[in-house]
Amino acid sequence: MKRIALGVQYDGTAWHGYQKQEDGHTVQDQLEIALEKFARVALPTTCAGRTDTGVHALEQVVHFDTDLTRDIHSWVRGVNTFLPASIAVRWASEIPPDPDDQFHARFSARARTYHYVLYNNPTRSPLLEGRVGWHYRPLDVEAMRAAVAPLIGWHDFTAFRSSQCQAKSPVKLMHEIGIERQGEMVVFTIRANAFLHHMVRNLVGSLIYIGLGKHPPEWLGAVLEGRDRGEAAPTFMPDGLYLAKIDYDPKWGLPQEARSPLPWF
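Remember, predicted model here, so these are calculated numbers, not experimental data.

Parameters at a glance
Residues numbered from 1 in each chain as written. Predicted model: local features only at pLDDT ≥ 70, side-chain atom pairs only at ≥ 80, totals over all residues. Heavy atoms only, no water. Helix = DSSP H or I, 4+ residues; strand = E, 2+ residues; numbered from the N terminus. Buried < 20%, exposed > 50% of the residue type's maximum accessible area, 1.4 Å probe, protein only. Contact = heavy atoms within 4.5 Å. Areas by Shrake-Rupley, 256 points an atom, 1.4 Å probe, with all protein chains shown as cover. Lys, Arg positive; Asp, Glu negative; His and termini not counted. Charge placed at Lys NZ, Arg CZ, Asp CG, Glu CD. Axes fitted to C-alpha atoms, helices over the stretch in contact; angles between N-to-C directions. Parallel < 35°, antiparallel > 145°, perpendicular 65-115°, else oblique. Left-handed = near helix turned anticlockwise from the far one by under 90°. Nonpolar A, V, L, I, M, F, W, Y, C, P; charged D, E, K, R; others polar.

Draft legend 1. Looking closely at the overall build of the protein. Scanning the protein from N- to C-terminus turns up 5 helices and 10 strands. Overall size of the protein, expressed as C-alpha extent along the three principal axes, is 60 × 45 × 35 Å. Each of the 265 residues in the protein was classed as buried or not, and the buried ones make up 54%. In the protein, 70% of the contacts between residues at least 6 apart in sequence involve partners at least 24 apart. Accessible surface, the protein: about 12,700 Å² in total, of which carbon and sulfur atoms supply 51%. The positive charge centre, built from 28 side chains, and the negative charge centre, built from 30, are 2 Å apart in the protein.

Structural data, given as structure tokens:
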């Protein structure tokens, strides 16, 4: 039995999130339909991290097990033949068997990186609809940057956790939060060992409050320490959220993208 890993990219605008649902209108549903059409056998998949309705992925990682023998590149070309235009397999890799440490798309992941892309302009752009978040008032990027230091390290992120979150623990390791302005775009880059449901969108919403001057930078650390979801800002729109990269031990030899470029830069 072989374990195959795939790097999957998708525009989540039209889909009801990644995870399979009864309506069949999710990225996982479409991927598994395409796999079955190509392989002529059902191939259940496991992903590195589920994304919500409207959320995109520059590089989602999934794995499946099969006893079929196929050229590794045919898993890319063949499966893509049956996928809609908004979903594509970017790479495939056969993971060498290791009885002591088997690769798992979710549990072998060391960290996950998300980008949130915000269009900061007085008028919305129809050309960016569904691809970016939007706020019409000017944002103070320096104030937002000054707010993030208390979030770095191991913390209880209950204040930024949705009520539907099913994670066993709210304690996560935040590696970094970067905020860069590139013209009219503000790009938030958030990397942690794992994320709670809506955690990135809740953090972005709270940072925007600071950027608007509704709260001083010190407010974000106080919200974190208070562990009260009601004290943070509302969940921000999903449109600009991208699952950018999953970090794994180099020993797995995955042919991942060297960087995670956004479409506009």
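Draft legend 2. Expanded view of the packing of helix α1 (residues 27-39) against helix α2 (residues 72-80). Across the interface, α1 lies against α2 with an axial gap of 9 Å and an inter-helix angle of 110°. Our classification of the angle between α1 and α2 gives roughly perpendicular. Of the two possible hands of crossing, α1 and α2 adopt the one that is right-handed. For the pair formed by α1 and α2, the contact residues are L31, A34, L35, F38 and A39 on the first element and S74, W75, G78 and V79 on the second. Looking at side-chain class alone, the contact of α1 with α2 contains 7 nonpolar, 2 polar and no charged residues.

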